[in-house]
Amino acid sequence: MQGRRIAVLGAGQMGSGIAQVCAQAGHDVVLYDVAGAQLERARRTMTASLARLAAKTPQLDAAAVMARVVTVGRLADLAACDWVIEAAPEQLELKLRLLKEAAEVVGGETVIASNTSSIGLTRLAAALPNPARVIGMHFMNPVPLMPLVEVIRALQTDDATHAATEVLARQLGKTPVTVGDAPGFVSNRVLMPMINEAAFCVHEGVATAEAVDEVMTLGMHHPMGPLRLADLIGIDTCVAIMDVLWRESRDSKYRVCPLLVRYAEAGRLGRKSGRGFYDYTA
């Protein structure tokens, strides 16, 4: 595949990771965010991540990778991009607004992908002028290390867009797995109820967060306990995904744990805020 010019919408934890892997694969990247401070933070995050990778992979030219990433604060600067990956917070209205505005700037043949972790792609595609070119690319966190990209076809997605997305994912060093367009898809439909139930164990006084995670790592051979994973993902993101699952299904098994809600309201979001179920300030 020839080098693309890929726009990434949102310079948060996921957006910066997606931008990094795209640049590592040789693509030019335009990383967009309205917040200049967030763009600066993203560049620092990518630089640190690449430094760690370069220490293990001497042939990686971290400076060359970073040179392929341009940060912008105007959607008008996406005009030359031939692929868009939206990585905004899990809020339907925000995603729709960003995707609509981006679609007005880029060409009609540009693929518009969303990194949504729970919101239906068919709904997003229906709001855009060329729904056949809309698809889901759900990267896993942390993006530079996790091999999976969950590929979600909207009802409107055409075969060419689906095939091109699988090719791009493999070119990024990822393994694409295509799943159906349902709330939470497969990854979060399975993962989030586990995190939620782990939170209920703490909420109801069954065990401490440390005990819950130790049971799951030692007893179930998980590489990371569900509550440490919640802190890594972001507790606010977990709440948002559970809310989508509940709203779309009305199934009580997706009722979000009150402790997760309280932590999100208190700003205890996990690693990104310094404290969640665990304290990261040290």
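Residues numbered from 1 in each chain as written. Predicted model: local features only at pLDDT ≥ 70, side-chain atom pairs only at ≥ 80, totals over all residues. Heavy atoms only, no water.

Trainee: Let's hear about the UniProt feature "site: Important for catalytic activity" (unreviewed entry) in the protein chain: which residues, and what values?
Mentor: With numbering matched to this structure, UniProt assigns "site: Important for catalytic activity" (unreviewed entry) to His-138. Taking relative accessible area as the criterion, His-138 reaches 5% and is therefore assigned buried. If sequence neighbours within four positions are ignored, His-138 has contacts with Ser-114, Asn-115, Thr-116, Ser-117, Leu-148, Val-149, Glu-150, Ile-152, Phe-185, Ser-187 and Asn-188. (UniProt positions renumbered as here; feature names shortened; annotations may be inferred. Buried < 20%, exposed > 50% of the residue type's maximum accessible area, 1.4 Å probe, protein only. Contact = heavy atoms within 4.5 Å.)

Trainee: Give a detailed account of the nonpolar core, specifying residues and quantitative values.
Mentor: Ile-18, Leu-31, Trp-83, Ile-85, Met-137 and Phe-139 are the most contacted members of the largest nonpolar core, which has 34 residues in total. It is helix H1 (residues 13-24) that contributes the most residues to this core, six residues altogether. Each residue touching Ile-85, except ones within four places of it in the same chain, is listed here: Ile-6, Ala-7, Val-8, Leu-9, Ile-18, Cys-22, Ala-113, Met-137 and Phe-139. Membership of the second largest hydrophobic core comes to 29 residues, among which are Ala-7, Cys-81, Ala-88 and Ile-119. (Core = buried A, V, L, I, M, F, W, Y, C linked by side-chain atoms within 4.5 Å. Helix = DSSP H or I, 4+ residues; strand = E, 2+ residues; numbered from the N terminus.)

Trainee: Could you give me a rundown of the domain arrangement of the protein chain, with the residues and numbers involved?
Mentor: Looking at the assigned domains, one finds that the protein chain contains domain 1 (5-180) and domain 2 (188-273). Domain 1 and domain 2 are separated by 26 Å when their C-alpha centres are compared. Counting residues at the interface gives nine residues for domain 1, matched by seven residues for domain 2. Interface area for domain 1 against domain 2, summed over the two sides, is near 690 Å², with a carbon-plus-sulfur share of 50%. Among the residues making up the side of domain 1 that touches domain 2, the classes are represented as two nonpolar, five polar and two charged. (Domains from an automatic or database assignment. Buried area = accessible area lost by both parts, 1.4 Å probe. Nonpolar A, V, L, I, M, F, W, Y, C, P; charged D, E, K, R; others polar.)

Trainee: For the packing of aromatic side chains, give the residues involved together with the corresponding values.
Mentor: For the coordinates displayed, the defined rule picks out one aromatic pair. Over the face of the ring belonging to Tyr-278 we find Arg-228, whose NZ or CZ atom lies 3.7 Å from the ring centre. In this structure, Arg-268 is placed above the aromatic ring of Tyr-263, and the distance from its NZ or CZ to the ring centre is 4.2 Å. (Phe/Tyr/Trp six-rings, centres within 6.5 Å; stacked < 30°, edge-to-face > 60°. Lys NZ or Arg CZ within 6 Å of the ring centre and 35° of its normal.)

Trainee: Please give an account of helix H2 (residues 36-56) that cites residues and values.
Mentor: With 21 residues, H2 should reach 30 Å at 1.5 Å per residue; the first-to-last C-alpha distance of 31 Å fits that figure. Here H2 has its buried residues at Leu-39, Ala-42, Met-46, Ser-49, Leu-50 and Leu-53. Projection of H2 onto a plane perpendicular to its axis shows the buried side chains occupying an angular sector of 100°, all on one side. Exposed and facing more than 90 degrees away from the buried side of H2 are Glu-40, Arg-44, Arg-52 and Ala-55. Where H2 is buried, its residues touch H1, strand S2 (28-32), helix H3 (62-67) and strand S3 (69-72). (Expected span 1.5 Å × (residues − 1). Arc of directions from axis to C-beta.)

Trainee: Run through the side chain of Asn-115, naming residues and quoting values.
Mentor: Within the element layout of this structure, Asn-115 appears in the loop between strand S5 (111-114) and helix H5 (121-126). Of the polar contacts made by the side chain of Asn-115, one reaches the backbone nitrogen of Phe-139; its length is 2.8 Å. (Polar contact = N/O pair within 3.5 Å; in protein donor to acceptor, adjacent residues only side chain to side chain.)

Trainee: Describe the sheet that holds S2, and please don't skip the residues or the numbers.
Mentor: For sheets, the rule is that strands pair by backbone hydrogen bonds, running either parallel or antiparallel. Here eight strands make up an open sheet; going across it, the order is S3-S2-S1-S4-S5-S6-S7-S8 and the pairing mixed. Because the sheet does not close on itself, it has two edges, and the strands there are S3 and strand S8 (175-179). Taking each pair of neighbouring strands and ignoring which way they run, the sheet shows an average axis angle of 25°. Along the sheet, H2 contacts S2 and S3; its crossing angle with S3, the most-contacted strand, is approximately 160°. (Pairing = 2+ DSSP bridges. Axes fitted to C-alpha atoms, helices over the stretch in contact; angles between N-to-C directions.)

Trainee: Kindly report on the pairing of S2, identifying the contributing residues and their values.
Mentor: Side-chain direction in a regular strand flips from residue to residue, so the side chains alternate between the two faces of the sheet. Burial analysis of S2 places four of its five residues in the buried class, the great majority of the element. When strand S1 (residues 5-9) meets S2, the two strands line up parallel, connected through five bridges. Considered in S2, the bridge of Arg-5 is made with Asp-28. In the classification by handedness, the crossover that spans S1, the intervening H1 and the parallel S2 is right-handed. Strand direction decides the pairing type here: S2 and S3, joined by four bridges, are parallel. Along S3, the bridge assignment pairs Leu-31 with Thr-71. (Right-handed = clockwise from strand over helix to strand, strands pointing away.)

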